[in-house]
Amino acid sequence: MKISILLFIFSLSHLSAQTTKSIMAEVQLDSLVSSVEELTGEKPSDNFGTIPNRNTSSGRTSAFMYLEQRLKDYGIESKIDNYRTVGYNVVGTQKGTKYPDSLFIICAHYDSVDDFCADDNASGTSAVLEAARVLSQYKFDYTIVYALWDEEEGGLIGSSNYARAANRNGDKIAGVLNMDMIGYDGNGDFLFEVHIGNTPKNDRMANKVAEVLDKSNFKLEQSVQIPGTNRSDHASFWAYNYPAILVTEGFFNDDFNPAYHSSDDKLSLMRLEYYHQISQLVIGTMSELAVLSNPTSVESSFDITFDVYPNPTTDIIYLKKKANIEINDISIYNMTGSAQLTTLPSINITKVDVANLPSGFYLLIVNTEDKLYSKTFIKL
Ligand SMILES: [Zn+2]
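Model, not experiment: these values are computed from the prediction.

Focus on the overall build of the protein
If you tally the helices and strands in the protein, you get nine helices and 15 strands. Its C-alpha radius of gyration of 23 Å places the protein within 12% of the 21 Å reference for a compact globule of 380 residues. Its C-alpha atoms put the protein at 65 × 40 × 40 Å along the principal axes. Out of the 380 residues in the protein, the part that is buried amounts to 53%. Taking the intrachain contacts of the protein between residues at least 6 apart in sequence as the baseline, contacts between residues at least 24 apart amount to 75%. Summed over all atoms, the accessible surface of the protein reaches about 16300 Å², with 49% contributed by carbon and sulfur.

Remarks on the state of the cysteines
Inspection of the entire model under this criterion finds zero disulfides. Between C107, a cysteine without a disulfide, and C117, which holds the nearest cysteine sulfur, the sulfur-to-sulfur distance is 18 Å. The class for C117 is buried, based on a relative accessible area of 0%.

Quick notes on the side chain of S123
Among the structural elements, S123 can be located in helix α4 (residues 118-135). What makes S123 buried here is its relative accessible area of 0%. There is a polar contact of 2.7 Å between the side chain of S123 and the backbone oxygen of D119. Contact partners of S123, with chain neighbours within four places excluded, come to V36, A118, M181, I182, G183, M270 and Y275.

Quick notes on the coordination of the zinc ion
Around the zinc ion, the donor atoms from the protein are H109 (NE2), D120 (OD), D180 (OD) and D180 (OD), and they sit 2.0 to 2.6 Å away. Bound by four donor atoms, the zinc ion shows angles of 53 to 148° at the metal and therefore irregular coordination geometry. Spacing between the donor residues of the zinc ion along their common chain follows H-x10-D-x59-D. Placement of the pair is H109 in strand β3 (residues 99-109) and D180 in the loop between β5 (172-179) and β6 (191-195), with a sequence separation of 71 residues. We note that H109, like D180, is buried.

Side note on the side chain of E68
Position of E68 relative to the elements: it lies in helix α3 (residues 57-73). For E68, the residues in contact, after removing those within four places along its chain, are S78, K79, I80 and V90.

Points about the pairing of strand β14 (residues 360-368)
Across seven bridges, strand β11 (residues 327-334) lies against β14 in antiparallel orientation. By the bridge assignment for β14, I327 is matched with T368. As judged from the eight bridges shared by β14 and strand β15 (residues 372-379), these two strands associate in the antiparallel manner. What sits directly across from L364, in β15, is K375.

A short note on the packing of aromatic side chains
Each pair of aromatic rings is reported with the distance of its centres and the angle of its planes. In this structure the tally under the stated criterion is 17 aromatic pairs. A ring pair is formed by F302 and F306, whose centres lie 5.1 Å apart and whose planes are at 50°; its orientation type is tilted. In terms of burial, F302 and F306 fall into one category: buried. Their ring planes at 80° and their centres at 5.3 Å tell us that F306 and Y373 sit as a pair that is edge-to-face. Of the two residues, F306 is situated in strand β9 (residues 306-309) and Y373 in strand β15; the sequence distance between them amounts to 67 residues.

Quick notes on the rules
Residues numbered from 1 in each chain as written. Predicted model: local features only at pLDDT ≥ 70, side-chain atom pairs only at ≥ 80, totals over all residues. Heavy atoms only, no water. Helix = DSSP H or I, 4+ residues; strand = E, 2+ residues; numbered from the N terminus. Rg over C-alpha atoms; globule rule 2.2 N^0.38 Å. Buried < 20%, exposed > 50% of the residue type's maximum accessible area, 1.4 Å probe, protein only. Contact = heavy atoms within 4.5 Å. Areas by Shrake-Rupley, 256 points an atom, 1.4 Å probe, with all protein chains shown as cover. Disulfide = S-S within 2.5 Å. Polar contact = N/O pair within 3.5 Å; in protein donor to acceptor, adjacent residues only side chain to side chain. Donors = N, O, S within 2.8 Å, 3.2 Å for Na, K, Ca; no water. Tetrahedral: all angles 85-135°; square planar, octahedral: opposite > 155°, others 65-115°. Pairing = 2+ DSSP bridges. Phe/Tyr/Trp six-rings, centres within 6.5 Å; stacked < 30°, edge-to-face > 60°.

Below, the structure written as structure tokens:
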């Protein structure tokens, strides 16, 4: 008995330490690239066909409709904020469980100055979509806002309108993570920049980026810029003293996309491994800032709630509900804390096939709306 409790606690601490890493591992380059291709019109999208040049009103209309649909596809409550006759921000909200009124915003501008404009800024826009895809599968203490700004190129008009309205409403914005041009690395040094402005409260966000980078094995090298540029949407939030940072390629480090603001700014110029790692880093950072709502409590009431049999088992393990409780999913972890399989519940008795697992101790974790229940079992 004693040994199984020790193993259980060991595994739980392992699980939480691994969370940021596993969230970052879920960020898929294929998914990022596919969004860039659709936004730039290099590939037609399923629902909206080929998106025209995002410097035209038909292109921006297709783009904002496409973006709103993508957020909705992930179950995120989304709307188009038509802040003026020709201006359309797309704003998706994932409510926080503990501090629903405090927002962390992950954002990018989707408008352009020419055809394609893959790096500027389909790259950042697609990273926001990927953040939505990955993070919408989790719950966070703070609210996450996924924002895609219009009219950045016209002078930060979309984001300024949002920030002004937020300030007027007294919205609590805990931090803004803006991405603009995150795909070009001409010299292959994997250097990227974090622009933090002059206010000390942005240090916390920049430090968080560095901390998450430390946990990874990315090739990326962080270069902090103080005060940094005000030529992108984070500056709209600086104007109202909200914490905000910009993540971008080597803008001040002589490694800036040579096809900037031209129709040569295409996916083929981007360094995909670099783009992937920056996206992973930003999404991992956002998951730590917004604080994963951890339903973990060492749950001793497993046996009142469930039956697990046979234990030990050779091939199948059955989980039977003894209480009326809603199960999200059932996972099996080995004793080093790595997930072996996850399955969805059946109505009363769920059958889990463990025939392919090597012999040993395992944890069966039942994930419900507000708790993790866990039980050790032996596979013979
Ligand atoms: Zn831009």
